[in-house]
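Read off the chains here:
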Amino acid sequence: MNPSKNAAVRVRFAPSPTGFLHIGGVRTALFNYLYAKKMGGKFLLRIEDTDVERSEARFTTDILTSLSWLGIEHEEEILYQSKRLDLYQKMANDLIAQGLAYRCYCTETEVEASREQMIKEGKKPMYGRTCRERKDVPPGNPSHAIRAKFPLSGITGFTDMIRGEITFPNEDLDDFVMIRSNGVPTYNFVVVADDIEMKISHVIRGDDHINNTPKQIFLYDALKATKPLFAHLPMILGADKKKLSKRNGETSTNAYRAEGYLPEALLNFLVRLGWSHGDQELFTREEMVELFNLEHVQVSGAVFNTEKLIWIAGEHLKKADPKRLFDIIKTDFATAFPGESFAALQTPAVTKTALELIPHVQLKVKLVKELAHQLYPLLETSVMPVDASGLKWNKDETQKTKIKAAVQELMNTWTSLIASRAATTLGECGMDHARVDAELRAVSEKCGVKLGDLTQPMRLFVTGQATSAIGLFDLLPILPWKTIQARLTACLQS
RNA sequence: GUCCCCAUCGUCUAGAGGCCUAGGACACUGCCUUUUCAAGGCAGUAACCAGAGUUCGAAUCUCUGUGGGGACGCCA
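Here the structure is a predicted model, which is why all the values come from computation and not from measurement.

**Re the protein's contact with RNA strand B**
Lining the immediate environment of RNA strand B, one finds 65 residues, of which R180, G274, Q374, R441 and R459 sit closest. The protein-proximal atoms of RNA strand B, defined as those within 4 Å of the protein, are 71% sugar or phosphate. At a separation of 2.6 Å, a base nitrogen of RNA strand B approaches a polar backbone atom of C106. Between RNA strand B and G274 there is a distance of 2.5 Å, counted from a phosphate oxygen to a backbone nitrogen or oxygen. Examining the composition of the surface near RNA strand B, we find that four residues originate from one element, helix 10 (residues 306-319), more than from any other. A breakdown of the residues in the surface near RNA strand B according to their chemical character gives 17 nonpolar, 23 polar and 25 charged.

Next up, the structure:
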């Protein structure tokens, strides 16, 4: 058996639906997913919706949609904690019976008071353990929480797969609440109950959970269950080196989709935040799965660097299939095409033009959104209004006349070429980058103008924008001749 | 405050005692190329937190200090 494979590996991503899928959550999900795939195990999904106040169905939908967009697919049924409340209650009662948990009748105000007292004494704020040894039930049997009866002395520790030994003195650990007085269990309790239920072998999560681990280890022991292996990932930080949040960076996965990042680019960036494979920066999905390991996961936090993400986005965009990019534009960036252009996109002719343009443009831009904005004036068949005030020919009327003569000559040549072949584009007539290049050079020489002086106005009018991510020589063979003709006519009339 | 974690260029990182006068990438700066450019090519600036110790030898091991972060909830 291949030692790097272990089909018993079962990992999970367990977000709580209290907000949109967070970029830090994506990184956690990704590392779990990659580890499962690498080991030949399974990646499962669990929705931690025990906080009834803040959990919302729309967030669950968002999490699922976002993961699907990223291509992080889970196996087996999604487990919803809210559907298992009775079970947790029963487990907690069993622990009380065994003397490993107890009922706490303290009110929130009382608990808070004891916590403040501890802070005053310079200690770690904890529950005062008032009900720990309580034998009687208060009159009227008021509602109560259930707390873990955590050992008062000794040491709880574990071997983290990324950091090694981590230990905690038990005296610093609290008798945490397992079941709230409203009967709903808390995070630390359900995590363990469900990880046992789901037979999770490796718990891979952010290092903000290191402090929860001893509490959970106590529960594994109390429930007489086999403990999983733990691996705590470094935090993703904002530019201020603090935990990434809405405050110091964009955290919603949706926002990155809306900006036009390809999912594989986002994943590539995230996988390099805290993990490395030598000097390699760019990874395909397949490479991530093949090369990922926990050994090379970093221990210190990593700042989220948008510049690098953009660079990675551009590298992936260059390699993406044009057809796929066009599909993404149609579904995600239709609004980049104001007016009637978007409807026009659906026609075979425009699609053909788009698919010829994209391979050129995708080399120069970084985001699908930029690609869409570049494509818009090119696919639009009407004459685009342009600002010709910056053109060099404005400074010299004789030059302007000569340049227009050159443009006119080119139009004459090409119009008859198109007519003779009954073609719609110059490309169909055998014109390509090199031949356009040669022809423009010949005409500019003949008319006594510099090549650059001729191409500047032509580019402006044909592309409809001051700067374009596609060269004029590549553009001319692709666009419908009728469009070029109309735009060059506008050029002559300006 | 208490506990836990961490510490290599501005940022992401390579580095498992000699291969390190510390490598790569992003960003930045300069040059080149070019029909434009948001592209491409080449070059450059820039880091082992500090102090002790172990060792023939330390970015790498140990300790202390300092700095940063995280957790201390009937949130997850």
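**Points about the pairing of strand 9 (residues 202-206)**
With five of its five residues buried, strand 9 lies for the most part within the structure. Handedness of the crossover joining strand 9 and strand 10 (residues 229-233) through helix 6 (residues 213-222) is recorded here as right-handed.

**Quick notes on the packing of helix 1 (residues 23-39) against helix 8 (residues 263-271)**
For the pair helix 1 and helix 8, interaxial distance at closest approach is 10 Å and the crossing angle is 85°. Overall, the two elements helix 1 and helix 8 adopt an arrangement that is roughly perpendicular. The residues of helix 8 that touch helix 1, namely those facing I23, V26, R27, L30, F31 and L34, are L266, L267, L270 and V271. Residues of the contact of helix 1 with helix 8, tallied by class, amount to nine nonpolar, no polar and one charged.

**Regarding the packing of aromatic side chains**
Summed over the entire model, instances satisfying the criterion amount to 12 aromatic pairs. With a centroid separation of 5.5 Å and an interplanar angle of 35°, the aromatic rings of W275 and F292 are classed as tilted. On the criterion of sequence distance, the pair formed by W275 in the loop between helix 8 and helix 9 (285-291) and F292 in the loop between helix 9 and strand 12 (302-303) is long-range, its members being 17 residues apart. Exposure remark for W275: the relative accessible area of 2% places this residue in the buried category. A relative accessible area of 1% means that F292 is categorised as buried. Ring geometry for W414 and W481: centres 6.1 Å apart, planes at 85°, overall edge-to-face. You can see W414 sitting in helix 15 (residues 397-421) and its partner W481 sitting in helix 19 (residues 481-493), a full 67 residues away along the chain. Take W414 and W481: they sit in the same class, and that class is buried. One aromatic cluster in this structure is built from F31, W275, F283 and F292. The lysine or arginine in question, R27, covers the ring of F31, its NZ or CZ lying 5.0 Å from the ring centre. Geometry around Y127 places R147 over its ring, the cationic atom sitting 3.6 Å from the centre.

**Topic: helix 15**
Given 3.6 residues per helical turn, the α-helix brings residues three or four places apart onto the same face. Helix length check: helix 15, at 25 residues, gives a terminal C-alpha distance of 36 Å against a target of 36 Å (1.5 Å per residue), a fit within 8%. Taken together, the buried positions of helix 15 are Q399, K400, I403, K404, A406, V407, L410, M411, W414, L417 and I418. Residues of helix 15 that are buried make contact with helix 16 (433-446), helix 17 (451-463) and helix 19. The positive-phi residue at the C-terminal boundary of helix 15 is A422, with phi of around 50°.

So, how was this worked out
- Residues numbered from 1 in each chain as written.
- Chains lettered and ligands numbered in written order.
- Predicted model: local features only at pLDDT ≥ 70, side-chain atom pairs only at ≥ 80, totals over all residues.
- Heavy atoms only, no water.
- Near = heavy atom within 4 Å.
- Polar contact = N/O pair within 3.5 Å; in protein donor to acceptor, adjacent residues only side chain to side chain.
- Helix = DSSP H or I, 4+ residues; strand = E, 2+ residues; numbered from the N terminus.
- Nonpolar A, V, L, I, M, F, W, Y, C, P; charged D, E, K, R; others polar.
- Buried < 20%, exposed > 50% of the residue type's maximum accessible area, 1.4 Å probe, protein only.
- Right-handed = clockwise from strand over helix to strand, strands pointing away.
- Axes fitted to C-alpha atoms, helices over the stretch in contact; angles between N-to-C directions.
- Parallel < 35°, antiparallel > 145°, perpendicular 65-115°, else oblique.
- Contact = heavy atoms within 4.5 Å.
- Phe/Tyr/Trp six-rings, centres within 6.5 Å; stacked < 30°, edge-to-face > 60°.
- Lys NZ or Arg CZ within 6 Å of the ring centre and 35° of its normal.
- Expected span 1.5 Å × (residues − 1).

Everything listed here is a matter of coordinates, which is why it stays silent on function.
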